[in-house]
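The lines below spell out each chain.
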Amino acid sequence: MLRKILLGIGFLALLCVSSAGIAGEMTARQVVEGFQNELLDVMKQGKALGFQGRYEKLDVAVKKSHDLPKIARIVVGKQWEELAPEQQSKLEEVFSKLSVSAYAHNFKDYSGESFNFVSEEETGRGGVVIHTNLLIPGEKDVKFDYMMKKKDDGWQIINIIADGVSDLALKRSDYTNVLSREGFDALIAKINEKIDSYAKQ
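Residues numbered from 1 in each chain as written. Predicted model: local features only at pLDDT ≥ 70, side-chain atom pairs only at ≥ 80, totals over all residues. Heavy atoms only, no water.

Concerning the overall build of the protein
Within the protein one finds seven helices and five strands. Counting helices and strands in the order they occur from the N terminus, the protein gives α-α-α-α-α-β-β-β-β-β-α-α. Counting all 201 residues of the protein, 40% fall into the buried class. Within the protein, contacts between residues at least 6 apart in sequence are counted, and of these 52% link residues at least 24 apart. Of the roughly 11,900 Å² that the protein leaves accessible, carbon and sulfur atoms contribute 53%. (Helix = DSSP H or I, 4+ residues; strand = E, 2+ residues; numbered from the N terminus. Buried < 20%, exposed > 50% of the residue type's maximum accessible area, 1.4 Å probe, protein only. Contact = heavy atoms within 4.5 Å. Areas by Shrake-Rupley, 256 points an atom, 1.4 Å probe, with all protein chains shown as cover.)

Here it is as C-alpha cells:
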C-alpha cells in the first residue's frame, strides 16, 4: 500500500512539473512583447544610462529573444560553409555585438512611445509572424513585423521587417558583397567600424 501511495505521489509530482513546463513556455507573442517592454524600459532611462549602460541592459534581452547565431549564418548565406570554425565563431561574436549596439543606439530616449500588438500569423514552415506597431506621439506609426522560429529553448526572433524593409535582407546584401570581394577580415573590420560608430553617436 505504501509503495502505491509513493508511486502515486511521484506520478502527481511529475504531472505538476510537466504542466509547469508547458505553462511556463512563452508564446511567440509573449517573447516579442517581453522584448519590446525591455526596449521601452531602457528608452525611459536612456539618457541617464548612456550608450554603455543601455548596451549592458539590452545585452541579455537581445540574446534571449533573438537567435543571433542563426541570423549570423543567414546574413552570409552559402559562404558560411566556406568559413573556418574559428571564423564562424568570430562572426557570431561581432554580429552579436553589432545587434545589441544597434538597439542601444536606436532606442536611446523616450518621448511617450509605445508598442501595439496587431496580429499573429503562422508561416508555411512552422514559423510565426508577430505584427506590431510602434506608436510615436506626433509622428506616423512604424510597423514592425517579427519573424519567429521555435527552438528547443522556445521562440526566438530571426528577422525584423520595419515598414516593409527587412533588416536581414539589407545586411545579407551588404555582407555577402564584402565577404566575396574583400574577404573575411574586411567584413569583421566593417562590422567593428559600425559598432564603434554606434557607440560614439
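Considerations on the packing of helix α3 (residues 46-65) against helix α5 (residues 85-106)
It is the contact of α3 with α5, at a shortest axis distance of 8 Å, that shows an interaxial angle of 125 degrees. Compared by their axis directions, α3 and α5 come out oblique. The crossing of α3 and α5 is right-handed. Across the interface between the two elements, F51, R54, Y55, L58, D59, V62 and K63 of α3 pack against S96, K97, V100, S101, Y103, A104 and H105 of α5. (Axes fitted to C-alpha atoms, helices over the stretch in contact; angles between N-to-C directions. Parallel < 35°, antiparallel > 145°, perpendicular 65-115°, else oblique. Left-handed = near helix turned anticlockwise from the far one by under 90°.)

Thoughts on the packing of aromatic side chains
All told, the structure shown has five aromatic pairs when counted by the stated rule. Put simply, the rings of F35, Y103 and F107 pair up and form one aromatic cluster. A cation sits over an aromatic face here: R29 above F117, 3.6 Å from the ring centre. The ring of Y110 carries K44 above its face, with NZ or CZ at 5.3 Å from the centroid. (Phe/Tyr/Trp six-rings, centres within 6.5 Å; stacked < 30°, edge-to-face > 60°. Lys NZ or Arg CZ within 6 Å of the ring centre and 35° of its normal.)

Details of unusual backbone geometry
Backbone geometry places D163, a non-glycine residue, at a positive phi of 50 degrees. Its place among the elements puts D163 in the loop between β4 (154-162) and β5 (165-166).

Focus: the environment of E33
In this fold, E33 is placed in helix α2 (residues 28-44). On the basis of relative accessibility, which here comes to 27%, the residue E33 falls in the partly exposed class. For E33 and I130, which are 97 residues apart along the polypeptide, the C-alpha to C-alpha distance reads 9.6 Å.

Considerations on the confidence of the model for the protein
When pLDDT is averaged along the protein, the result is 87, and 88% of the positions lie at 70 or above. Taken element by element, the predicted model of the protein shows its lowest mean pLDDT in helix α1 (residues 2-24) (36) and its highest in strand β2 (residues 128-135) (98). This model gives residues 1-23 a pLDDT under 50, and the stretch forms zero contacts once residues within four places in sequence are excluded. (pLDDT = per-residue confidence, 0-100.)

Describing the nonpolar core
Nonpolar side chains in soluble globular proteins tend to end up buried together. Among the nonpolar cores identified, the biggest contains 51 residues, and L91, Y146 and M148 are the most heavily contacted of them. Residues contacting Y146, with those up to four places away along its chain left out, are V32, Q36, F115, V128, V129, I130, T132, I157, N159 and I160. (Core = buried A, V, L, I, M, F, W, Y, C linked by side-chain atoms within 4.5 Å.)

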